[in-house]
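Chain by chain, the residues run as shown.
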Amino acid sequence: MGLRTVLLFAAFLVLTGCTTMVPRERLPYPLTDDSFGDPVKVVTIPLPVIATSPNEGAILGGLTAFLLHNTRDEVNTLIAPQVNYNQNFGTTFSLYGAFFPLPERNWEFNLSKSTNVNEDYEVRLRDKTFLSLNGKPLETNAFLYYFTDGSSRFYGFESGSLQQDETNYANREYGITMGVGYDLTDHLQLVLGERFRKVDIRPGAVSKVPYIRDRFTTAEVPGINGFTAHAQKIALIYNTLDDRTMPTGGLYARASIEGSAELLGSDAGYRHYEVELKGYFPLDTARYITVVRIAYNQTLGSEVPFLERSILGGETTLRGYGRNRFVDSSYLLCNLEERIRLFRWSVFDVNTDWEVAPFLDLGAVMDSLDRAEAKSFEFNPGIGFRAVVRPNIVGRVDIGFGNEGPAVFVGLGYPF
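Residues numbered from 1 in each chain as written. Predicted model: local features only at pLDDT ≥ 70, side-chain atom pairs only at ≥ 80, totals over all residues. Heavy atoms only, no water.

**Remarks on unusual backbone geometry**
In step 1: Pro 39 follows Asp 38 through a cis peptide bond whose omega is 5°.
In step 2: Among the secondary structure elements, Pro 39 is positioned in the loop between strand 1 (18–22) and strand 2 (40–53).
In step 3: A cis amide bond, omega 15°, links Arg 390 with the succeeding residue Pro 391.
In step 4: By secondary structure assignment, the location of Pro 391 is in the loop between strand 19 (378–389) and strand 20 (393–402). (Helix = DSSP H or I, 4+ residues; strand = E, 2+ residues; numbered from the N terminus.)

Written as structure tokens, this is what we have:
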């Protein structure tokens, strides 16, 4: 996949998309609000879905994206019904929606159900208009979810876990994550968070891979029979980014401590420590943006459930491996990505930036940082392709190369 694929994809949009003007009365709230005119410009773009990843395997299908524009000709609403087929999950029907009514407020939902095992129901909300303290607005973030992922994998702990020890399971989870942020200064924010997570482990959808309980025991892998986590977090965030969703310049730093206590309902007591630093460095009026991320995560405690430990692998960490490939008590991660705008093209009155993004991912899990060894680190080169509709929408394809073969991830939003 390369520039030729991107051009073919762009040509497909031109040949199949369309723009219509729809009376606003036919698009009731929350599809539209007072920021929309009458009639409403709606751009309809059908897209093929062709993806593969180490955990899920090949996915084929299609979606139709409906982009609703406000009076400033910005995409304030995205609705995308989708139908996919996968040999493990059967046919999957899903509906995704993203809403950006105000710069200080956005929310999204995803509803998905497969004919075999998989399901996903979730809502995310960010709002900086609802609460205030001492005259300052509080930033509220909430994530409510219920899902079953029948593609999940576990290979054992430590960086040396072997591919031949691969197991499959389905983690059925429900929970809520909430956070409230208070701006100490223009660039420094204090965040208090609450997280509840209930996990049930059951047989997965990939029959050719052994079930996790057939290879590992509860003594070897805490949480293998399911677990409950209830944790509280405090974090400091330093942020000079020029945009929350699509930054082109600035720094972002976060340090957090999270505690899980049996007294408050968790199955085990443990603590998470996390530090993350991201930098965005533009050149040539942001046609080239060098993005660097360094992150360290440590989990301390006894009998920590395996899904509550420090984990690498997947579309936002090590893109040459499937999700949750490496698990241990700590990880160190470095991502380097060069986002290059190839061209800017208006497709059906939608201004789109087409980007290519070569990247390098470097990371390892370990018991603790002082026990890190050079041979433990995974080096994943790769390349990404992005279609960016400012100020809110990013579609991406990332192809990473690890020691166990390539991995392809398709999704929305930048990986970091």
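**Digging into the packing of aromatic side chains**
In step 1: Under the defined criterion, the tally for this structure stands at 14 aromatic pairs.
In step 2: Taking the centre distance of 6.3 Å and the plane angle of 65° together, the rings of Phe 343 and Trp 345 count as edge-to-face.
In step 3: Members of the aromatic cluster, connected to one another through ring pairs, are Phe 154, Phe 157, Tyr 169, Phe 216 and Phe 306.
In step 4: Seen from the ring of Tyr 155, Arg 325 lies directly overhead, with NZ or CZ sitting 3.7 Å from the centre.
In step 5: Lying across the ring of Phe 416, Arg 339 places its NZ or CZ 5.7 Å from the centre. (Phe/Tyr/Trp six-rings, centres within 6.5 Å; stacked < 30°, edge-to-face > 60°. Lys NZ or Arg CZ within 6 Å of the ring centre and 35° of its normal.)

**A few points about the side chain of Arg 309**
In step 1: Inspection of the secondary structure assignment puts Arg 309 in the loop between strand 14 (288–301) and strand 15 (310–312).
In step 2: Of the buried charged residues, Arg 309 lacks a salt bridge, with Asp 328 as the closest side chain of opposite charge at 5.2 Å.
In step 3: At 3.1 Å, the side chain of Arg 309 and the backbone oxygen of Val 304 are in polar contact.
In step 4: Other than its neighbours up to four places away in sequence, Arg 309 contacts Phe 157, Pro 222, Thr 299, Val 304, Val 327, Asp 328 and Ser 329. (Buried < 20%, exposed > 50% of the residue type's maximum accessible area, 1.4 Å probe, protein only. Lys, Arg positive; Asp, Glu negative; His and termini not counted. Salt bridge = Lys/Arg side-chain N within 4 Å of Asp/Glu carboxyl O. Polar contact = N/O pair within 3.5 Å; in protein donor to acceptor, adjacent residues only side chain to side chain. Contact = heavy atoms within 4.5 Å.)

**So, the confidence of the model for the chain**
In step 1: When pLDDT is averaged along the chain, the result is 93; 95% of the residues meet or exceed 70.
In step 2: Every residue in residues 1–15 scores below 50 in pLDDT, and together they form 24 contacts with partners more than four places removed in sequence or on other chains. (pLDDT = per-residue confidence, 0-100.)

**Concerning the side chain of Ser 94**
In step 1: Note that Ser 94 resides in strand 5 (residues 90–102).
In step 2: Apart from the residues lying within four places of it in its own chain, the contact partners of Ser 94 are Ala 80, Pro 81, Gln 82, Leu 111 and Ser 112.

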